[in-house]
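Descriptive structure summary
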Amino acid sequence: MPLVTTDPRFPLLAGPTPLRRLDRLEARLGCGPIYLKRDDFMEIGLGGNKLRSLEFWLGAALAEGADVVLVAGGPMSNLCRLTAAAAGIAGLDCVIFHNVAPGPEHNRTSFPNRIFGAELRFLGDVDEDRRAALVEEAAAALRAQGRRPYIVGDAVTGALGYVEAAGELHAQSRALPAPLRHVFLAGSMGPTEAGFIFGNAMLGHPFEVHLVSVEYGQAELAARIARICGDLAVHTGFAMPDLDAPGLHYHMGQLGPGYARPTPAAEAALLTLARSEGILLEHVYTAKTFAGFLDCVHNGVIPAGEPACMVHTGGTASLFAQFHLFRSFPEVEM
Ligand SMILES: Cc1ncc(COP(=O)(O)O)c(C=O)c1O
């Protein structure tokens with residue numbers, strides 16, 4: 001039963017993503033039960049968290065009669081790749097704005113976007129505010145030509161995908177021999193994790209939610225979550241969750257030198273999962289989150305025997321632009 005019923009939604013997921021028990025890893029580490037929610041395992045565009053958000057972004061775009069979607073991000077952005085893929089399915093044109101200068105390396109990284117039929121515009125090295133202003137200008141220019149653009153990225157609309165995901169995971173959890181108690185997610189810009197926290201509150205808090213920060217300090221991350229949850233409360237009419245109540249945990253120990261900067265713990269976690277379960281992570285989001293997950297499972301933050309799960313939010317495509325971030329393979333020329 002969907003939690004959010006009134007918002008327009010363009011279906012992109014074939015059904016619930018798998019909830020996979022990591023039993024080989026449990027045996028190797030002597031812990032468990034631990035699970036991965038495989039949101040990297042979807043049919044379209046190599047999958048990932050943004051596909052859940054795109055169900056609502058494209059739903060909104062189609063509801064307002066848009067004929068072209070605009071989206072901005074770096075050349076390896078998962079949001080851009082999945083928007084390009086999903087827009088094609090929805091019959092919408094897609095224009096992608098990369099805030100880098102054109103060049104062979106960025107062309108290679110952004111290549112899947114061309115395959116999906118998107119138009120690429122390279123803005124040069126501009127910050128996020130300038131990039132947003134340039135996208136607004138481009139939308140105005142398209143409107144002047146008689147087009148109907150929709151800019152992808154509204155945080156509340158995107159968060160609805162993870163309000164729903166909380167319900168999906170709850171249903172899967174209730175079918176387990178022992179239901180999940182702890183859920184780990186990357187802490188980043190906010191829509192994914194705020195949506196999940198909001199959905200969890202709507203369900204009556206079945207999960208303790210653990211955010212492993214991969215981008216911001218705790219105050220900034222918490223402020224983002226609070227802002228989006230507040231806007232979700234207005235949007236849905238459900239009460240604002242108490243974000244200071246026990247049951248929401250911030251883990252700040254995996255950020256290392258900063259966003260998209262690798263850490264030895266994340267690399268070790270990535271190799272551990274790949275070599276025990278055959279599942280790939282990548283350096284920016286999921287390897288650090290998995291490192292935080294394993295650390296908590298190992299060090300008793302998660303009491304022994306309490307079922308715990310990490311949401312694998314995808315991003316695996318960007319692994320192939322991350323060779324230079326690895327320390328384990330000095331023999332490989334990058
Ligand atoms: C693979 C992956 N995981 C997690 C995130 C973080 O999601 P959010 O921006 O909603 O915090 C992103 C964002 O781009 C992502 O691409």
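Residues numbered from 1 in each chain as written. Predicted model: local features only at pLDDT ≥ 70, side-chain atom pairs only at ≥ 80, totals over all residues. Heavy atoms only, no water.

Let us now look at the overall build of the chain. When helices and strands are tallied, the chain shows eleven helices and ten strands. Judged by the C-alpha coordinates and their principal axes, the chain covers about 60 × 55 × 35 Å. Counting over 334 residues, the chain shows a buried share of 56%. Put simply, 75% of the contacts in the chain that link residues at least 6 apart link residues at least 24 apart. In the form shown here, the chain has an accessible surface area of approximately 14,400 Å², with 55% of it arising from carbon and sulfur atoms. Distance from the positive charge centre (26 side chains) to the negative charge centre (35 side chains) of the chain: 4 Å. (Helix = DSSP H or I, 4+ residues; strand = E, 2+ residues; numbered from the N terminus. Buried < 20%, exposed > 50% of the residue type's maximum accessible area, 1.4 Å probe, protein only. Contact = heavy atoms within 4.5 Å. Areas by Shrake-Rupley, 256 points an atom, 1.4 Å probe, with all protein chains shown as cover. Lys, Arg positive; Asp, Glu negative; His and termini not counted. Charge placed at Lys NZ, Arg CZ, Asp CG, Glu CD.)

This part takes up the sheet that holds strand β7 (residues 182–187). With mixed pairing, six strands are arranged side by side in an open sheet as β1-β2-β10-β7-β8-β9. Each end of this open sheet is capped by a strand with a single partner; those strands are β1 (19–21) and β9 (248–251). With direction set aside, neighbouring strand axes in the sheet form an average angle of 25 degrees. The pairing of β7 with strand β8 (residues 208–213) spans six bridges and is classified as parallel. Counterpart to Gly 187 in the pairing with β8 is Ser 213. Along the sheet, helix α11 (residues 286–298) contacts β2 (34–38), β7, β8, β9 and β10 (308–312); its crossing angle with β10, the most-contacted strand, is approximately 175 degrees. (Pairing = 2+ DSSP bridges. Axes fitted to C-alpha atoms, helices over the stretch in contact; angles between N-to-C directions.)

This brings us to the pairing of β9. Pairing geometry for β8 and β9, over four bridges, is parallel. In the sheet register, Val 209 faces β9, and the bridge partner there is Leu 248. Note that the unit made of β8, helix α9 (residues 218–236) and β9 has a crossover that is right-handed. (Right-handed = clockwise from strand over helix to strand, strands pointing away.)

Another point: the pattern of salt bridges. For the coordinates displayed, the defined rule picks out 14 salt bridges. Note that Glu 277 and Arg 20 form a salt bridge whose closest N and O atoms lie 2.9 Å from each other. Of this pair, Glu 277 sits in helix α10 (residues 264–277) while Arg 20 sits in strand β1, and the two are 257 residues apart along the sequence. Looking at Glu 277, the relative accessible area reads 7%, which means it is buried. Judged by relative accessible area, which is 23%, Arg 20 ranks as partly exposed. Where salt bridges share partners, they join Lys 37, Asp 39, Arg 52 and Glu 168 into one cluster. (Salt bridge = Lys/Arg side-chain N within 4 Å of Asp/Glu carboxyl O.)

So, on to the environment of Ala 266. Residue placement: Ala 266 occurs in helix α10. Through-space distance from the C-alpha of Ala 266 to that of Leu 3 is 34 Å; in sequence the pair is 263 residues apart. Apart from residues no more than four positions distant in its own chain, Ala 266 is found in contact with Ala 287, Lys 288 and Ala 291.

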